[in-house]
Amino acid sequence: MTRTVVITGAGTGIGEACARQLAGEGANLVLIGRRAEPLQRVAEETGGLVLVGDAASSETWAGFIGRIRERFGGVDALLACAGGHGLGSVTDTDDATWQAALRSNLDSAFYSARACLPLLIERRGGIVLLGSIASLAAGPEVCGYTTAKHALLGLNRSLANDYGAVGVRVNCVCPGWVRTPMADAEMQPLMQHHGDDLDAAYARVCANVPLRRPATPDEIANVCRFLISDQASIITGACIVADGGSSIVDVPTLAFANMGITT
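Residues numbered from 1 in each chain as written. Predicted model: local features only at pLDDT ≥ 70, side-chain atom pairs only at ≥ 80, totals over all residues. Heavy atoms only, no water.

## Some thoughts on the domain arrangement of the protein
Accessible area lost on assembly of the parts is the figure often given for the size of an interface. Under the convention used in this document: These domain limits were set by an automatic method or by a database of domain assignments. Should any heavy atoms of two residues lie within 4.5 Å, those residues are considered in contact. A 1.4 Å probe defines the accessible area here, and the buried area is the portion of it lost by two parts on being joined, summed over both. We define a salt bridge as a side-chain nitrogen of Lys or Arg found within 4 Å of a carboxyl oxygen belonging to Asp or Glu.
Domain parsing of the protein yields domain 1 (4–178 + 216–244) and domain 2 (179–214). Taking only C-alpha atoms, the centre of domain 1 and the centre of domain 2 are 25 Å apart. Opposite the 13 residues of domain 1 that make contact, domain 2 presents 15 residues. Across the domain 1 to domain 2 interface the summed buried area is about 1100 Å²; carbon plus sulfur atoms make up 65%. The largest contributions to the domain 1 side of the interface with domain 2 come from Trp177, Val178 and Gly244, which together make up 55% of the buried area. Joining domain 1 to domain 2, the criterion identifies one salt bridge.

Dropping the structure here:
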């Protein structure tokens, strides 16, 4: 039977890469996002069903689920790739910025999972939540984003624990830097400060990453595809870190490493 996969944040970045790869495997795709134009562009290449709306809205999902069931009968997997920024320290984060960070990075995953679970239970399907290395550590002045991504691991574990008995597997992928439009925008302050081009800015932020480079969207999509495949049938509740080795670096010894000294 042909699999049906729902992808939020499907118009750009990792969600788009997942859509292209899964289309190559013959999957039925449901492409969800807030902007119609990028979704339509991906749909032209993948044949996916475009549903435009906010994944962090229960009202939106109430309409989506009926259309998904009518078109495909059910759902085999959900890839919750929708996300956004959450910049600023606590004292620099106003109410609107805080709520937007939680809505785009946490609420979108919660509402997507809750809406799709009845269909996933029917087919003993799987969920992948897109976290970040910000799920594991705090960068400077990204309070909203860091908090939401940390909370995503709690959601991942709760879902895996509660729905494993009915055959639904849930995992979280935590990338480091990935060359997406959102990350490109984050490079702009570095580019302006140092006079870098985009490639130089990425080299700068990856200077202490063991692989010395960011991931491509396709590399992260490979991990997502694996986790919803039969090859990952025993994996649930896991946090799969795909960060080029960023999270294994011992920060207190970087001063030595940057001098060429091995400790």
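## A look at the packing of aromatic side chains
To keep things clear, this is the line we draw: For Phe, Tyr and Trp, where Trp contributes only its six-membered ring, two rings pair if their centres lie within 6.5 Å, and the inter-plane angle classes them as stacked under 30 degrees, edge-to-face over 60, or tilted in between. What counts as a helix is a DSSP run of H or I of at least four residues, what counts as a strand is a run of E of at least two, and both are numbered from the N terminus. For each residue, the accessible area found with a 1.4 Å probe, counting protein chains only, is set against the maximum for its type, and the residue is called buried under 20%, exposed over 50%, and partly exposed in between.
Using the criterion set out here, one finds two aromatic pairs in the structure. Ring geometry for tryptophan 61 and phenylalanine 64: centres 5.6 Å apart, planes at 80 degrees, overall edge-to-face. Of this pair, tryptophan 61 and phenylalanine 64 both sit in helix 3 (residues 58–72), three residues apart, roughly one helical turn. Phenylalanine 64 carries the same exposure label as tryptophan 61, and that label is buried. For the ring pair phenylalanine 110 and tyrosine 111, a centre distance of 5.4 Å and an interplane angle of 75 degrees mean the geometry is edge-to-face. Judged by relative accessible area, phenylalanine 110 falls into the partly exposed class, the value being 36%.

## Observations concerning the sheet that holds strand 7 (residues 239–242)
Stated formally: Whether two strands pair comes down to DSSP finding at least two bridges between them. A fitted line through C-alpha atoms serves as each axis, taken over the contacting stretch for helices, and the angle formed by two N-to-C directions is quoted from 0 to 180°.
Taken together, the seven strands give an open sheet; going across it, the order is 3-2-1-4-5-6-7, and neighbouring strands pair in parallel fashion. Each edge of the open sheet is held by one strand with a lone partner, namely strand 3 (49–52) and strand 7. With direction set aside, neighbouring strand axes in the sheet form an average angle of 15 degrees. Across four bridges, strand 6 (residues 169–175) lies against strand 7 in parallel orientation. Bridging across to strand 7, proline 175 finds its partner in alanine 242. The sheet contacts of helix 2 (residues 36–46) involve strand 2 (28–33) and strand 3, and relative to strand 2 the element is tilted by about 170 degrees.

## Re helix 1 (residues 13–24)
Rule in force here: Residue count minus one, scaled by 1.5 Å, sets the expected span of a helix.
Helix length check: helix 1 (twelve residues) gives 17 Å between terminal C-alpha atoms against 16 Å at 1.5 Å per residue, within 8%. Of all twelve residues that make up helix 1, nine are buried, and the element is covered over most of its length. If you check which residues of helix 1 are buried, you get Gly13, Ile14, Gly15, Glu16, Ala17, Cys18, Ala19, Gln21 and Leu22. In the segment just after helix 1, glycine 26 is the residue with positive phi, at about 90 degrees.

## Some thoughts on the environment of valine 178
The topology assignment puts valine 178 in the loop between strand 6 and helix 6 (181–186). With 123 residues separating them along the chain, valine 178 and alanine 55 place their C-alpha atoms 22 Å apart. Residues within four places of valine 178 in sequence aside, it is in contact with Ile14, Ala183, Tyr202, Pro214, Ala215, Thr216, Pro217 and Ile220.

## Here we look at the UniProt feature "domain: Ketoreductase" (unreviewed entry) in the protein
Filter applied, for reference: UniProt positions are given in the numbering used here, feature names are shortened, and annotations may be inferred rather than shown by experiment.
Feature annotation in UniProt assigns "domain: Ketoreductase" (unreviewed entry) to the following positions: residues 3–169. The annotated region residues 3–169 carries 53% helix and 15% strand content, and the separation between its end C-alpha atoms amounts to 15 Å.

## Looking at the pattern of salt bridges
On inspection of all chains with the given rule, the structure shows eleven salt bridges. The partner of arginine 20 in a salt bridge is glutamate 16, with the nearest N and O atoms 2.4 Å apart. Here glutamate 16 and arginine 20 lie together in helix 1, a separation of four residues that amounts to about one turn. In this structure, arginine 179 engages aspartate 199 in a salt bridge whose closest nitrogen and oxygen atoms are separated by 2.8 Å. Highlighted residues: arginine 179 in the loop between strand 6 and helix 6 and aspartate 199 in helix 8 (residues 198–205), separated in sequence by 20 residues.

## A look at the pairing of strand 2
Definition in use: Classification remark: right-handed applies to a crossover when, strands pointing away from the viewer, the course from the first strand over the helix to the second runs clockwise.
Most of strand 2 sits inside the fold, with five of its six residues counted as buried. Where strand 1 (residues 4–8) meets strand 2, five bridges bridge the pair, whose relative direction is parallel. When the sheet's bridge partners are listed, valine 5 is paired in strand 2 with leucine 29. Crossover handedness for the path strand 1 to helix 1 to strand 2: right-handed. Strand direction decides the pairing type here: strand 2 and strand 3, joined by four bridges, are parallel. Pairing of leucine 31 across the sheet is with valine 50, part of strand 3. As for the winding sense of the linkage, the β-α-β connection from strand 2 through helix 2 to strand 3 is right-handed.

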